[in-house]
Amino acid sequence: MVEKLEYPNHIYYLWFGLIWRIKEMKGFQQLFDDLQKCNTENCKAYSNVPECCKTSPCALGIDEAGRGPVLGPMVYAASFCPLNHSAELKKIGCADSKTLNEEKRDGLFEKLDENESVGWAVHILTPTFISNQMFKRSKISLNEISHDAAIDLISECINNGANIKEVYVDTVGPPEKYQAKLMAIFPDIKINVSKKADALFPVVSAASICAKVARDGVLKQWIFKESNIEDGIQWGSGYPADPVTKKFLIDVLDPVFGFPQIVRFSWQTAQTIIKDKCVAIQWEKEEETVESTPSVKNFFLKRPAPGTSNGAPKKRHRFFTERSLEFLTCL
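Just so it is clear, the structure is predicted and the values come from calculations on it, not from any experiment.

S.K.: An account of the overall build of the protein chain is requested, with residue identities and associated values reported.
M.R.: Assigned secondary structure in the protein chain consists of 12 helices and 11 strands. Across the 331 residues of the protein chain, 43% fall into the buried class. For the protein chain, restricting intrachain contacts to residue pairs at least 6 apart in sequence, the fraction spanning at least 24 positions comes to 68%. When the accessible area of the protein chain is evaluated, it comes to approximately 19800 Å², of which 53% is carbon and sulfur surface.

Structure below.
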C-alpha cells in the first residue's frame, strides 16, 4: 500500500516501509497518479506549448526508454524547441540519458520543464498493452508499436499548436525505411532518422531524458494489484539477463494466472518460464454437430455436364423432347 504525503514542491511516498522522495513534476505527477489507478492502460502527458514554439519554426526530437526490459512500460517522448535554440539544449547539459545518472537526469528534466522555449510530450505504453499487441492473431511487432508511438507524438505536438519543421528520431530498425515511412506521412517536414540520434542531436537528447525520467518515476510508484507480491520485493534492472530480475519472475509467478501486470508476457523469457513452471491447460474438444460444415473443397469439384447425372445420361423432360430442344455448347 502506498501512502501519499504532500509537502511544498515535493511529494513523498511511503511504500513498503521505504520513503520515496519525488520532485513534483507538473505533467508527470498526474500521469503517475493515473497509472496508480489503472496500470494496464496507456497514459499521455504534455507540457504547455511555449508561445515561441507556435510562431517560430521548431525542431522536434523523439526517443524511447525501456524498449528491452521484460518488466515495466516502454516510454516514448518528444521534445521540441525553436530551431535557433538547439545550442541552448546542449549548453544546459542535454546528452544521451544512458550516460547520465538519475540525479543528473532529474535535474535536467526540471530545467527543461521550466524552460520557456522548450516543450515536451510523453506516452507511456504499459506492459499489458505491449503484450496484447504482440499476441494478437495478426501480431504487431515491437518495431511497429514503436513507429506508431513516434507518429502519434509528432501528430499530437503539431495538433497542439507547435510549429514543427524538422524531426529527428533515434531509429528503430533500418533507418532508411523508417525515414521513408515518416516522410510519406509528414511530407512537409524535414525528417532525419539516425542511429544514436540521442547522442547526435540535443533535441533528441532532451527527449531521451524526458522518457527515462518518466519511466523511472512510473516504476518507483508502481502499485501491484496482485495479492501474491511480497512487500519490498526487488526486481533488479528489469532486463532478462539480470539474475535479480530472473528471481523476481520466478517468485511472483502464479501457476495458473501467470505474472503480475508489470511483466511483459510476450517476452521470450516470460513465455519460457510460463511453459516450464505453470499448469498446462487442456481445452475440451468441441462436439461434432450432426450437420457438419461442408469442406471448402466441395465448392471446387467438377460438376456433371448439362444433361447428365453423376456422369450418366439423364432422362430429359418431355417439355424439351416435344419441342426438339437440344443443349448448345457453343454459338
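S.K.: Lay out the confidence of the model for the protein chain with the relevant residues and their values.
M.R.: The share of residues in the protein chain with pLDDT of 70 or more is 82%, and the mean pLDDT across the chain is 83. Throughout residues 1–25 the model reports pLDDT below 50, and contacts reaching past four residues in sequence, or to other chains, amount to 55 contacts.

S.K.: Can you tell me about unusual backbone geometry, naming the residues and giving the values?
M.R.: For Lys196, which is not glycine, the phi dihedral falls at a positive 55°. Looking at the secondary structure, you find Lys196 in the loop between strand S9 (190–194) and helix H8 (197–200).

S.K.: Hey, could you go over helix H10 (residues 243–251) for me, with residue numbers and the actual values?
M.R.: When H10 is considered as a whole, its buried residues turn out to be Thr245, Phe248 and Leu249. Buried residues along H10 cover an arc of 100° about the axis, so they all sit on one side. Exposed positions of H10 whose direction lies more than 90 degrees from the buried face are Pro243 and Lys247. Of the surrounding elements, those touching the buried residues of H10 are helix H11 (268–277). Between a side-chain oxygen at the N-terminus of H10 and the backbone nitrogen of Val244 the separation is 2.9 Å; the capping residue is Asp242.

S.K.: Talk me through the nonpolar core; I want residue IDs and the actual numbers.
M.R.: The biggest cluster of nonpolar side chains holds 80 residues, and the ones touching the most others in it are Leu60, Ile62, Val122, Phe248, Ile262 and Val263. Leave out the neighbours within four places in its chain, and Leu60 touches Ala78, Ser79, Phe80, Ile154, Cys157, Ile164, Glu166, Val167, Tyr168 and Val203.

S.K.: Provide a residue-level description of the packing of aromatic side chains, including the pertinent values.
M.R.: For the coordinates displayed, the defined rule picks out 6 aromatic pairs. Centre to centre, the rings of Tyr168 and Phe201 are 4.6 Å apart; their planes meet at 35°, and the pair counts as tilted. Taken together, the positions of Tyr168 in strand S8 (residues 164–170) and Phe201 in the loop between H8 and helix H9 (202–220) put the pair 33 residues apart, joining distant regions of the chain. By relative accessible area, which is 11% here, Tyr168 ends up buried. Taken together, the ring pairs in this structure connect Phe224, Trp235 and Phe248 into an aromatic cluster. We note Arg264 situated over the ring of Trp267; from NZ or CZ to the ring centre the distance is 4.8 Å.

S.K.: I'd like a rundown of the pairing of strand S4 (residues 43–46), residues and numbers included.
M.R.: Alternating positions in S4 separate cleanly, Cys43 and Ala45 being buried on one face and Lys44 and Tyr46 remaining unburied on the opposite face. Two elements, S4 and strand S7 (residues 119–125), share 4 bridges in a ladder whose sense is antiparallel. Bridging across to S7, Tyr46 finds its partner in Ala121.

Reading the values: rules and limits
Residues numbered from 1 in each chain as written. Predicted model: local features only at pLDDT ≥ 70, side-chain atom pairs only at ≥ 80, totals over all residues. Heavy atoms only, no water. Helix = DSSP H or I, 4+ residues; strand = E, 2+ residues; numbered from the N terminus. Buried < 20%, exposed > 50% of the residue type's maximum accessible area, 1.4 Å probe, protein only. Contact = heavy atoms within 4.5 Å. Areas by Shrake-Rupley, 256 points an atom, 1.4 Å probe, with all protein chains shown as cover. pLDDT = per-residue confidence, 0-100. Arc of directions from axis to C-beta. Polar contact = N/O pair within 3.5 Å; in protein donor to acceptor, adjacent residues only side chain to side chain. Core = buried A, V, L, I, M, F, W, Y, C linked by side-chain atoms within 4.5 Å. Phe/Tyr/Trp six-rings, centres within 6.5 Å; stacked < 30°, edge-to-face > 60°. Lys NZ or Arg CZ within 6 Å of the ring centre and 35° of its normal. Pairing = 2+ DSSP bridges.

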